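# Overview (structure and organization)
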Amino acid sequence: MSTATIRNVLRGDGDRFVYVVSALAALNGLLFGFDTGIISGAFLFIQDSFVMSPLVEGIIVSGAMAGAAAGAAVGGQLADRLGRRRLILIAAIVFFVGSFTMAVAPTVPVLVAGRLIDGVAIGFASIVGPLYISEIAPPHIRGGLTSLNQLMVTTGILLSYFVNYAFADAGAWRWMLGAGMVPAVVLAIGILKMPESPRWLFEHGRNDEARAVLKRTRSSGVEQELDEIEETVETQSETGVRDLLAPWLRPALVVGLGLAVFQQITGINAVIYYAPTILESTGLGSVASILATVGIGTINVVMTVVAIMLVDRVGRRRLLLVGVGGMVATLAVLGTVFYLPGLGGGLGIIATISLMLFVSFFAIGLGPVFWLLISEIYPLSVRGSAMGVVTVANWGANLLVSLTFPVLTDGVGTSATFWLFGLCSLVGLLFVYRYVPETKGRTLEAIEDDLRQNISLAD
């Protein structure tokens, strides 16, 4: 958050309430990150409790991704039907149930079931968190506030690494996985203090409530924004989910789906889920590997803060180009590190530095900007459903990577696997350059108007 933003909060001006609400909504991101990251350390000790093949290992780790794809498949429609606020509450409850199931799992099938349940909540959270914030935030700070959700994702991942480290000596993987119940309770309580999205309220005929929420989250221009929302709602009253394939919406769909897939097949979650395992393969011990992973998680948080400070100044597109370009370079180095023989103890240090740089570039580009863009570029009437479709693609690609990573490294080797991720990153860089638009400082209604008038998003 920028210095000016902090001053605004301390002054208590008209934007103050929206910062508080956005922070509460971003707890979705905290749970999202915690529950995806916690498996990385716990998995080292789960292997000691159950006999597993590489495929079963991949199934345990990727179980949450399968659940997330299912959650995202219905989460968008639920967000449009029930409201953003109610879906956040449902996600918190499902998070709690999933964490509890994993903590008490007596067998691998029950553990996988817990991962699936937890994944459904992650799917809900990955949609409703940025969606809610983007709709309640004013345009001039929407980028930073929506990216706050990604900051909380990275914070949740880092928190999970600390929890892993705290229980590492005892090998207490059940306590690691069960710790997710605590932030789930915090989110459930916090949601009781949050208003509904003003755009969702207006679309469902609750105009006075929408106006009241806008007055609490805007310093000025409430009536003008209401007029824009009303005009948009009237224009799109006949728009449905099937219209996602309409020619005027196709550019936005291509951008969303493309970024969704590239965010995953470039390998970020192979690093997040398997970082301790990767580092342990270099000769580091279990505890040392988890401690090194804490460093990677810290870099992830720090660079996400940098992205939040820059996204409304530099813009979405530039951050993506720099971030993905850096990922190409660091993956090439990382693949080389694992290819060269005889590095001995230095291999762990070089691998850790390379992983930190890779995560740094992801954290200023594809990490926050993907979720921000897909919350901005779709029409109000299908925004939740469109984000659902895109998020399903994201989790599907995530599932593919997390499921196949152990098999790939076992079959073609770690170096070839990272070079493959680097090739995917290079293709992703070309995609960003060709198709991704700049949405900095524009209202959601103005972005939609360009789509309807067939004005290229990339212009």
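Residues numbered from 1 in each chain as written. Predicted model: local features only at pLDDT ≥ 70, side-chain atom pairs only at ≥ 80, totals over all residues. Heavy atoms only, no water.

Naming follows an unreviewed UniProt entry, where the protein chain appears as Sugar porter family MFS transporter of Haloarcula argentinensis. UniProt lists a comment for the protein chain under the heading Subcellular location (unreviewed entry), and it reads "Membrane". You can read under Sequence similarities (unreviewed entry) in the UniProt record for the protein chain the words "Belongs to the major facilitator superfamily. Sugar transporter (TC 2.A.1.1) family." (UniProt positions renumbered as here; feature names shortened; annotations may be inferred.)

## Some words on the packing of aromatic side chains
Following the criterion strictly, the structure yields 11 aromatic pairs and no others. Look at Phe32 and Trp395: their rings are 5.3 Å apart centre to centre, the planes differ by 45°, and that puts the pair in the tilted class. One end of the pair, Phe32, is in helix H3 (residues 27–49); the other, Trp395, is in helix H19 (residues 383–411), with 363 residues separating them in the sequence. When its relative accessible area of 1% is taken as the criterion, Trp395 is described as buried. Linked through ring pairs, Phe32, Phe370, Trp371 and Trp395 together constitute an aromatic cluster. (Phe/Tyr/Trp six-rings, centres within 6.5 Å; stacked < 30°, edge-to-face > 60°. Helix = DSSP H or I, 4+ residues; strand = E, 2+ residues; numbered from the N terminus. Buried < 20%, exposed > 50% of the residue type's maximum accessible area, 1.4 Å probe, protein only.)

## Focus on the pattern of salt bridges
All chains considered together, the criterion is met by six salt bridges. Between Arg84 and Asp80 there is a salt bridge, and its shortest N-O distance comes to 3.1 Å. For the pair Arg84 and Asp80, one class covers both residues: buried. Here Arg84 and Glu135 are joined by a salt bridge, their closest N and O atoms 2.8 Å apart. Placement of the pair is Arg84 in helix H5 (residues 84–104) and Glu135 in helix H6 (residues 108–136), with a sequence separation of 51 residues. Taken as a pair, Arg84 and Glu135 share a single burial class, namely buried. (Salt bridge = Lys/Arg side-chain N within 4 Å of Asp/Glu carboxyl O.)

## Quick notes on empty space enclosed by the protein
By the definition in use, this model includes one cavity of 30 Å³ or more. In terms of lining, the largest cavity is formed by 18 residues, of which the most central are Phe32, Gln150, Val153, Asn269 and Phe362. Sorting the residues of the lining of the largest cavity by element identifies H3, helix H7 (139–168), helix H13 (250–265), helix H14 (268–280) and H19 as the ones contributing at least two each. (1 Å grid on protein atoms, 1.4 Å probe; cavity = no way out; pocket = protein on both sides within 12 Å on 5 of 7 lines; lining within 4 Å. Points joined across faces, edges and corners; volume = space filled by probe spheres on them.)

## Notes on the layout of surface pockets
Here the second largest pocket is characterised by a volume of approximately 220 Å³. Surrounding the second largest pocket, 13 residues form its lining, Tyr274, Thr277, Phe405, Pro406 and Thr409 being those nearest its centre. Counting only elements with at least two residues in the lining of the second largest pocket, the list comes to H3, helix H4 (54–82), H14 and H19. Counting residues per element, the lining of the second largest pocket draws most heavily on H19, at four residues. A class-by-class count of the residues in the lining of the second largest pocket yields six nonpolar, five polar and two charged. (Nonpolar A, V, L, I, M, F, W, Y, C, P; charged D, E, K, R; others polar.)

## Points about the nonpolar core
Judged by nonpolar contacts, the single largest core of 140 residues is most densely connected at Ile46, Leu111, Trp173, Leu177 and Leu259. In terms of residue count, the dominant contributor to this core is H6 (13 residues). When sequence neighbours within four positions are dropped, the list of residues in contact with Leu111 reads Ile46, Phe50, Ile60, Met102, Ala105, Trp173 and Leu177. (Core = buried A, V, L, I, M, F, W, Y, C linked by side-chain atoms within 4.5 Å. Contact = heavy atoms within 4.5 Å.)

## Regarding the packing of H5 against H6
Taken N-terminus to C-terminus, the directions of H5 and H6 make an angle of 155°; their axes are 8 Å apart at the nearest point. Classified by the interaxial angle, the pair formed by H5 and H6 is roughly antiparallel. Crossing angle aside, the handedness with which H5 passes H6 is left-handed. Across the contact of H5 with H6, the residue classes tally to 19 nonpolar, four polar and four charged. (Axes fitted to C-alpha atoms, helices over the stretch in contact; angles between N-to-C directions. Parallel < 35°, antiparallel > 145°, perpendicular 65-115°, else oblique. Left-handed = near helix turned anticlockwise from the far one by under 90°.)

## Examining the confidence of the model for the protein chain
Regions with low pLDDT should not have their predicted coordinates read in detail. Mean pLDDT over the protein chain: 80, with 88% of residues reaching 70 or higher. In this model residues 1–14 is a low-confidence stretch, pLDDT under 50, and it forms 16 contacts with partners more than four residues away in sequence or in other chains. (pLDDT = per-residue confidence, 0-100.)

## Some words on a negative patch on the surface
A cluster of like negative charges, contributed by Asp227, Glu230, Glu231 and Asp449, occupies part of the molecular surface. Counting residues per element, the negative patch draws most heavily on helix H12 (residues 222–235), which supplies three residues. Relative to the elements of secondary structure, Asp449 occurs in helix H21 (residues 444–452). (Patch = residues over 30% accessible without salt bridge, like charges linked within 9 Å, V, L, I, M, F, W, Y side chains within 5 Å. Areas by Shrake-Rupley, 256 points an atom, 1.4 Å probe, with all protein chains shown as cover. Lys, Arg positive; Asp, Glu negative; His and termini not counted. Charge placed at Lys NZ, Arg CZ, Asp CG, Glu CD.)

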